[in-house]
Amino acid sequence: MTEMPETYEASTIETRWREAWRDSDVYRYQGDSDREYIIDTPPPYPTGDLHIGHALNWLYIDFAARYHRLIGDDVMFPQGWDCHGLPTEVKVEENHDIHRTDVPRDEFRQLCIEHTEDQIESMRETMEQLGFSIDWEQEYRTMDPEYWGLTQRSFVEMFEDDRVYRDEHPVNWCPRCQTAIADAEVEPIEREGTLHYLTFPGVDNDGIEIATTRPELLAACVAMAVDPTDERFEDRIGETFEVPLFGQEVELIGDESVDSEFGTGAVMICTFGDKQDVNWWAEYDLELRTAFTEDGHLNELAGEYEGLRIPEAKDAIAADLDGEGYLNEVEPTDQMVGSCWRCDTPIEILSKEQWFVTIDQDAILERGQEVDWIPEHMYDRLEEWTLGMDWDWVISRQRVFATPFPAWFCADCGEPHVAPIEDLPVKPGEAAPSIERCPACGGGDWIPETDVMDTWMDSSITAMVVAGWPDEPFSPTALRPQGHDIIRTWAFYTLLRTEALCEARPWDDILINGMVFGDDGNKMSKSRGNIVAPTEVVEEYGADAFRQSIALGGQPGSDVQFQWKEVKSADRFLTKVWNATRFGRTHFDEETPDITDPALRAADRWLLWRLQEVADDVGAAMDEYRFDAALRQLREFIWSDLADDYVELVKGRLYEGRPGERDAARYTLFIALTASLRMLSPFSPFVTDELWSHLPTKADSIHAASWPDVESPRVDDRDAGELIVDVAEAVRRWKSDQGIALNAELERVELYPEIETSEEYGIDTYDLSNAVNAPVYLRSGTPSIEIVPVEVEVDQRVVGPEFRDQTGAVVQALQDADPARVKREKRRQGEIEVQVNGEVLLVDGEAVTVREEQRAESGEEAALLETEHAQVVVVP
RNA sequence: AGGCGCAUAGCUCAGUGGCAGAGCGCCACCCUUACAAGGUGGAGGUCCGCGGUUCAAUCCCGCGUGCGCCUACCA
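Note that the structure is a prediction, hence the values are computed from the model and not measured.

## Quick look at the protein's contact with RNA strand B
Reasoning step 1: If you check the shell around RNA strand B, you find 51 residues, and the closest are Thr213, Met336, Lys565, Tyr655 and Arg733.
Reasoning step 2: Counting only the atoms of RNA strand B within 4 Å of the protein, the fraction contributed by sugar and phosphate is 59%.
Reasoning step 3: Contact between RNA strand B and lysine 576: a base nitrogen at 2.8 Å from a side-chain N or O atom of the residue.
Reasoning step 4: Put simply, the parts of the chain that give the surface near RNA strand B at least two residues each are β8 (208-212), α9 (379-388), α15 (564-585), α17 (627-656), α20 (715-738) and α22 (796-803).
Reasoning step 5: Considering only residue class, the surface near RNA strand B consists of 13 nonpolar, 16 polar and 22 charged.

Below you can see the structure in the form of structure tokens.
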């Protein structure tokens, strides 16, 4: 066996194993097994910073991946990168001090790729530091042609299937990013607006006062609306009014969705102030008056206000309304403004020709229901979001760094042409379409599409891509791990696309993780200064301890509060494991694993029994992604049962036992230790691999080993073992209470067991005697020390079902009865007589436990100890 | 405004229709040959409140309160 350092030092160990794993293939997906576990790992946006939220998400993945390898699955833990997108474009513009239009598209794209590669490198380093068992041969980057070619293919297939179309339709538009965005990319921001009360003069009738927060939209006003049941506007529907300042005439319509409680009960309809306007516009076939430009200014329709930015226009028009006498009143109002999720700029709604993907709500939800949601209630979010969708998914973006549409438009008639699959990947700006003549008009000139795809078009096919699409027939991947904040995007779009392209659910299980809060309980934020970087924790305590603290933070799905004290506690536990292994090593040699047919004693059989129980329970918890429960049990077993109880019991045998006795203990300790390390390895992969290497184990790496499967001894062995453990503990406690050294010799210990033991094995006092450092005598009957029954304890589990509504009275009667009588009747008759409401009832003796105390001494100084399975007399 | 989740020791969290649990923190004692980064013991609880179901509720049901999230928020 190798030399083993005396103390646990995370940093040295972790550095060494990181390198070892890098050069090995322990995490490699083999691809030739019928027990596959394929993980649809989230492809993060390469910001260069792998934060603690990522760490939580990836740790759950890693726990699952490592566990599934141990139980013999062929695990694929791939890592993708969702490269495309605006933030990178902005960053590149900053870094190079250029605007994206300053250089040719392809050159700009190249700069973005280089930038992204740096960012990926930095995140990958943190991933390795944290010990994620990613198979880097399964890495993909959405900016690579091999990948975006697949994105294009998915687009073409859906186009040919009429699930993608091109149309003019109002879309969410970010005036700052100057691109269309999807509903999922619009986030509401709370803000205080100003409600303007202004009068629209009537053309041949009285005027009506409306309330609006957006006077700058007056130029785009095309109608007015009131609730048709609103008495204030009885008989006025159909009247015509003149828009202040701009003069166009608009009609008053009646529509129930107007809230008569708000403002004046009358509202102006503009194209477009919000989605409601779009609905009215479509329903009443109103005129389209567009007042805004793509970059957020007013256009020629606004007359003298043309060229003003939207906020400036609001002020200018409000001032003029006031000057002309239209403005009656202003008041502040709280409002929620739909804003761009990338830059928080309030979005506008513009009507634009775009590419759309049709949304089939029912199909998406059906697939969603086929997936196991963990926790279950997270499915509700998908359902709520999906049912609330009222627009199709706009997938075109007016940007550069993204997957290009494989499409051209006929220069003569505008007919779009989409490339066939065999021509992909293709950049339409650099290649002509493979057909020459326009099928619609026969024209021969083609204009390449310059719009690019929404990045969710890339990332919504990850499940398919990792499963080998399109070369292999798709079957659902095992696991999708992700945060709840992107159910409406990543999960939603993936369900949509996998359904559309493969007619299947994308995954069997979806595991939703919560957020990570700071040590102060608040959301991590720069302003609070409570941000903790994973690398910072690793440097201080190591990844192994950090990983445990995250696993114990709560059950998956709930938010996790990062706490330094939990990291420290994990570090202490790992030190314990380190020392326990070091202890074990001093008793092992190369032959220990080969010990056969050992002469197991009660303590050995008990530990093996516990080990099997723990392996089952921990495995069940891991199956259900209950990493918190799994680790908790494991810690309890290792610390309490193995390190405290068992080791203390068998030290005597290990140090001084005869060879056969010693071997049984060595064997048991070896089995328990190596099994514990294996079960712990998903949580703390570094130190467990290190400790594994210091033990005479067969497999090279603990991560190539298998989940423990221990032959379980019989249940009656458990009781006999528990008795030994309990008694040893009781005597130790008594010594501690008496101020006696724990290793002090005692005159003798007398044992009065209260359990049945098997014929094969009686009570085994050998180890106990060593542990308490006294001769142990097995006695029957009751201790010679006088003991007095003092209290009757009632088990309501027995009494309740039998006596139903008399339970309370029965319990009371038992507790009031003379404990000595209860004890006597229980022993002699097996049942106890009680009087309840003048009636005599018989209670099963099983229902009561009579607590006794020692009251007198009989000559010799002695102490009576009570344990669950025995009474113990200690003679010092 | 609707929907969902949460509420248990000082803190962070498990848990169960039948006497309430862990880690950390706190107090006291103990260097016992793997480990003082340890061991032993202790203090500390209206299991958010009110009703209901039940022999029995921290657990199941209803209502309420507080917190968090999702969705719609309205001109």
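Structure shown, so let's carry the discussion forward.
## Overview of empty space enclosed by the protein
Reasoning step 1: Taken as a whole, this structure holds 4 cavities of 30 Å³ or more when the rule is applied.
Reasoning step 2: In this structure, the largest cavity occupies an estimated 240 Å³ of space.
Reasoning step 3: If you trace the largest cavity, you find 22 residues lining it, with Gly85, Leu86, Glu185, Arg397 and Arg399 closest to the centre.
Reasoning step 4: In the lining of the largest cavity, the residues fall into 12 nonpolar, 4 polar and 6 charged.
Reasoning step 5: In this model, the second largest cavity occupies a volume close to 50 Å³.
Reasoning step 6: What lines the second largest cavity is Leu217, Thr271, Phe272, Thr290, Ala291, Phe292, Ile349, Leu350 and Ser351.
Reasoning step 7: In terms of residue class, the lining of the second largest cavity is made up of 6 nonpolar, 3 polar and no charged.

## Re the state of the cysteines
Reasoning step 1: Under the criterion given, the structure shown has 0 disulfides.
Reasoning step 2: There is no disulfide at cysteine 413, and the cysteine sulfur nearest it, in cysteine 441, is 3.6 Å away.
Reasoning step 3: Here cysteine 441 is not disulfide-linked; the sulfur of cysteine 410 is the nearest cysteine sulfur, at 3.5 Å.
Reasoning step 4: Relative accessible area serves as the criterion here: at 39%, cysteine 441 is assigned to the partly exposed category.

## Focus: the confidence of the model for chain A
Reasoning step 1: Confidence along chain A averages 92 in pLDDT terms, with 98% of residues attaining 70 or more.
Reasoning step 2: Across the whole predicted complex the pTM is 0.93, and at the interface the ipTM reaches 0.95.

## Side note on a negative patch on the surface
Reasoning step 1: Taken together, Asp32, Asp34, Glu36, Asp471 and Glu472 make up a surface patch of like negative charges.
Reasoning step 2: Position of glutamate 472 relative to the elements: it lies in the loop between α11 (462-466) and β22 (477-483).

## Quick look at helix α18 (residues 659-680)
The α-helix advances 3.6 residues per turn, and as a result positions three or four apart in sequence lie on the same side.
Reasoning step 1: Relative to the 32 Å expected for 22 residues at 1.5 Å per residue, α18 spans 31 Å between its end C-alpha atoms, a close match to the ideal helical length.
Reasoning step 2: Counting buried positions along α18 gives 16 out of 22 residues, so the element sits mostly inside the fold.

## Some details on the environment of isoleucine 832
Reasoning step 1: Structurally, the position occupied by isoleucine 832 is in strand β29 (residues 831-836).
Reasoning step 2: Leaving out residues up to four positions away in the same chain, isoleucine 832 has contacts with Leu814, Arg821, Val822, Glu825, Lys826, Leu841, Leu842, Val843, Asp844, Gly845 and Val848.

## Thoughts on the sheet that holds strand β12 (residues 266-270)
Reasoning step 1: Within the open sheet, the 4 strands sit side by side as β10-β11-β9-β12. Their pairing is mixed. The open sheet has two free edges, formed respectively by β10 (240-242) and β12, since each of these has just one partner strand. Direction aside, the axes of adjacent strands within the sheet are offset by 35° on average.
Reasoning step 2: In this sheet, β12 lies alongside strand β9 (residues 221-226) in antiparallel orientation, the contact comprising 5 bridges. Of the residues in β12, the one forming a bridge with alanine 223 is isoleucine 269.

## Some points on the packing of aromatic side chains
Reasoning step 1: Within the structure shown, the criterion is met by 28 aromatic pairs.
Reasoning step 2: On the numbers, 6.0 Å between centres and 25° between planes, the contact of phenylalanine 573 with tryptophan 639 is stacked. Taken together, the residues span a long stretch of sequence, with phenylalanine 573 in helix α15 and tryptophan 639 in helix α17 at a distance of 66 residues.
Reasoning step 3: Cluster of aromatic residues (ring-pair linked, three or more members): Tyr60, Phe63, Tyr625, Phe627 and Phe683.

## Quick word on the packing of helix α14 (residues 543-551) against α15
Reasoning step 1: Where α14 meets α15, the axes come as close as 8 Å, and the angle between the chain directions of the two elements is 120°. One finds that α14 runs oblique with respect to α15. Crossing geometry of α14 relative to α15 is assigned as right-handed. Where α14 approaches α15, its residues Asp544, Ala545, Phe546, Gln548 and Ser549 are matched on the opposing element by Glu566, Val567, Ala570, Asp571, Phe573 and Leu574.
Reasoning step 2: In the contact of α14 with α15, the residues fall into 6 nonpolar, 2 polar and 3 charged.

## As for the packing of helix α16 (residues 602-623) against α18
Reasoning step 1: Contact geometry of α16 with α18 gives a least axis separation of 10 Å together with a crossing angle of 15°. Between α16 and α18, the crossing angle belongs to the class labelled roughly parallel. Pair α16 / α18 crosses with left-handed handedness. The residues of α18 that touch α16, namely those facing Asp604, Leu607, Leu608, Leu611, Val614, Ala615 and Val618, are Ala664, Ala665, Thr668, Ile671, Ala672, Ala675 and Met679.
Reasoning step 2: Taken together, the residues of the contact of α16 with α18 break down into 12 nonpolar, 1 polar and 1 charged.

Criteria and thresholds
Residues numbered from 1 in each chain as written. Chains lettered and ligands numbered in written order. Predicted model: local features only at pLDDT ≥ 70, side-chain atom pairs only at ≥ 80, totals over all residues. Heavy atoms only, no water. Near = heavy atom within 4 Å. Polar contact = N/O pair within 3.5 Å; in protein donor to acceptor, adjacent residues only side chain to side chain. Helix = DSSP H or I, 4+ residues; strand = E, 2+ residues; numbered from the N terminus. Nonpolar A, V, L, I, M, F, W, Y, C, P; charged D, E, K, R; others polar. 1 Å grid on protein atoms, 1.4 Å probe; cavity = no way out; pocket = protein on both sides within 12 Å on 5 of 7 lines; lining within 4 Å. Points joined across faces, edges and corners; volume = space filled by probe spheres on them. Disulfide = S-S within 2.5 Å. Buried < 20%, exposed > 50% of the residue type's maximum accessible area, 1.4 Å probe, protein only. pLDDT = per-residue confidence, 0-100. Patch = residues over 30% accessible without salt bridge, like charges linked within 9 Å, V, L, I, M, F, W, Y side chains within 5 Å. Areas by Shrake-Rupley, 256 points an atom, 1.4 Å probe, with all protein chains shown as cover. Salt bridge = Lys/Arg side-chain N within 4 Å of Asp/Glu carboxyl O. Lys, Arg positive; Asp, Glu negative; His and termini not counted. Charge placed at Lys NZ, Arg CZ, Asp CG, Glu CD. Expected span 1.5 Å × (residues − 1). Contact = heavy atoms within 4.5 Å. Pairing = 2+ DSSP bridges. Axes fitted to C-alpha atoms, helices over the stretch in contact; angles between N-to-C directions. Phe/Tyr/Trp six-rings, centres within 6.5 Å; stacked < 30°, edge-to-face > 60°. Parallel < 35°, antiparallel > 145°, perpendicular 65-115°, else oblique. Left-handed = near helix turned anticlockwise from the far one by under 90°.

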